[in-house]
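A structural walkthrough
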Amino acid sequence: MRVEERPVSFDEVGGLKEVAACGTAVVLTPISSVTRGGTVHSYAGFDTIATLYNAITSVQQGEANDALGITRVVAERPHDPPCRDAEAAAA
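Let us look at the structure shown here. Just so it is clear, the structure is predicted and the values come from calculations on it, not from any experiment. (Residues numbered from 1 in each chain as written. Predicted model: local features only at pLDDT ≥ 70, side-chain atom pairs only at ≥ 80, totals over all residues. Heavy atoms only, no water.)

Focus: the overall build of the protein
Counting its secondary structure elements, the protein contains three helices and four strands. Ordered by position from N to C terminus, the α and β elements of the protein give α-β-β-β-β-α-α. Pairs at least 24 residues apart make up 39% of the contacts formed inside the protein by residues separated by at least 6 positions. Total accessible area on the protein stands at roughly 7,400 Å², and carbon and sulfur atoms take up 55% of it. (Helix = DSSP H or I, 4+ residues; strand = E, 2+ residues; numbered from the N terminus. Contact = heavy atoms within 4.5 Å. Areas by Shrake-Rupley, 256 points an atom, 1.4 Å probe, with all protein chains shown as cover.)

What follows is the structure in structure tokens.
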């Protein structure tokens, strides 16, 4: 998948297939429409966003390999199973 980070003009918004907002805690939130004045652009499919969301949250939860080293153990809660990265570091 090719990734490009840049400002998007409103003229381009109608040609987008999927739209999402991203952040650290939410990861990705699908956006169903973008409205400006009387113009509404709607988006119904979120297949790519769902795939990215599942991949990121799997890494965050230790269910998938963190090949890029993007996660850090901040604190472990006593009721949670040990984090895989913490187990590897202890070995």
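A few points about the pattern of salt bridges
This structure, assessed with the given rule, holds three salt bridges. A salt bridge links Arg-2 to Glu-4, with the shortest nitrogen-to-oxygen separation between them at 2.6 Å. Residue Arg-2 is classed as exposed on the basis of its relative accessible area of 70%. Note on Glu-4: relative accessible area 45%, which makes it partly exposed. (Salt bridge = Lys/Arg side-chain N within 4 Å of Asp/Glu carboxyl O. Buried < 20%, exposed > 50% of the residue type's maximum accessible area, 1.4 Å probe, protein only.)

Quick notes on the pairing of strand β2 (residues 27-30)
Note: strand β1 (residues 20-23) against β2, four bridges, orientation antiparallel. If you follow Ala-21 over to β2, its bridge partner there is Thr-29. (Pairing = 2+ DSSP bridges.)

A closer look at the environment of Glu-18
Take Glu-18: it is sitting in the loop between α1 (10-13) and β1. Overall, the relative accessible area of 24% leaves Glu-18 in the partly exposed class. Put simply, Glu-18 and Gly-45 are 27 residues apart on the chain and 6.5 Å apart in space, counted from C-alpha to C-alpha. The residues touching Glu-18, leaving out its near neighbours within four places in the chain, are Gly-45, Phe-46, Asp-47, Thr-48 and Ile-49. Within the structure, the side chain of Glu-18 is placed 3.0 Å from the side chain of Thr-48, a separation counted as a polar contact. Here the side chain of Glu-18 touches Ile-49 through a polar contact of 2.9 Å, landing on its backbone nitrogen. (Polar contact = N/O pair within 3.5 Å; in protein donor to acceptor, adjacent residues only side chain to side chain.)

A word on the environment of Ile-56
For Ile-56, the location among the structural elements is in helix α2 (residues 47-60). On the accessibility criterion, Ile-56 (36% relative accessible area) is partly exposed.

Points about α2
An α-helical turn contains 3.6 residues, so any two residues separated by three or four positions project in the same direction. In this model, α2 (14 residues) spans 20 Å end to end at C-alpha, consistent with the 20 Å of a helix rising 1.5 Å per residue. When α2 is considered as a whole, its buried residues turn out to be Ile-49, Thr-57 and Val-59. Down the axis of α2, the smallest arc covering the buried residues is 155°, so these residues share one side. Those residues of α2 that are exposed and angled more than 90 degrees off the buried face are Asp-47 and Thr-51. Looking at the packing, one finds that the buried side of α2 touches β1 and β2. One or two positions beyond α2, positive phi appears at Gly-62, with a value near 75°. (Expected span 1.5 Å × (residues − 1). Arc of directions from axis to C-beta.)

Remember, this is a structural readout, not a statement about activity or role.
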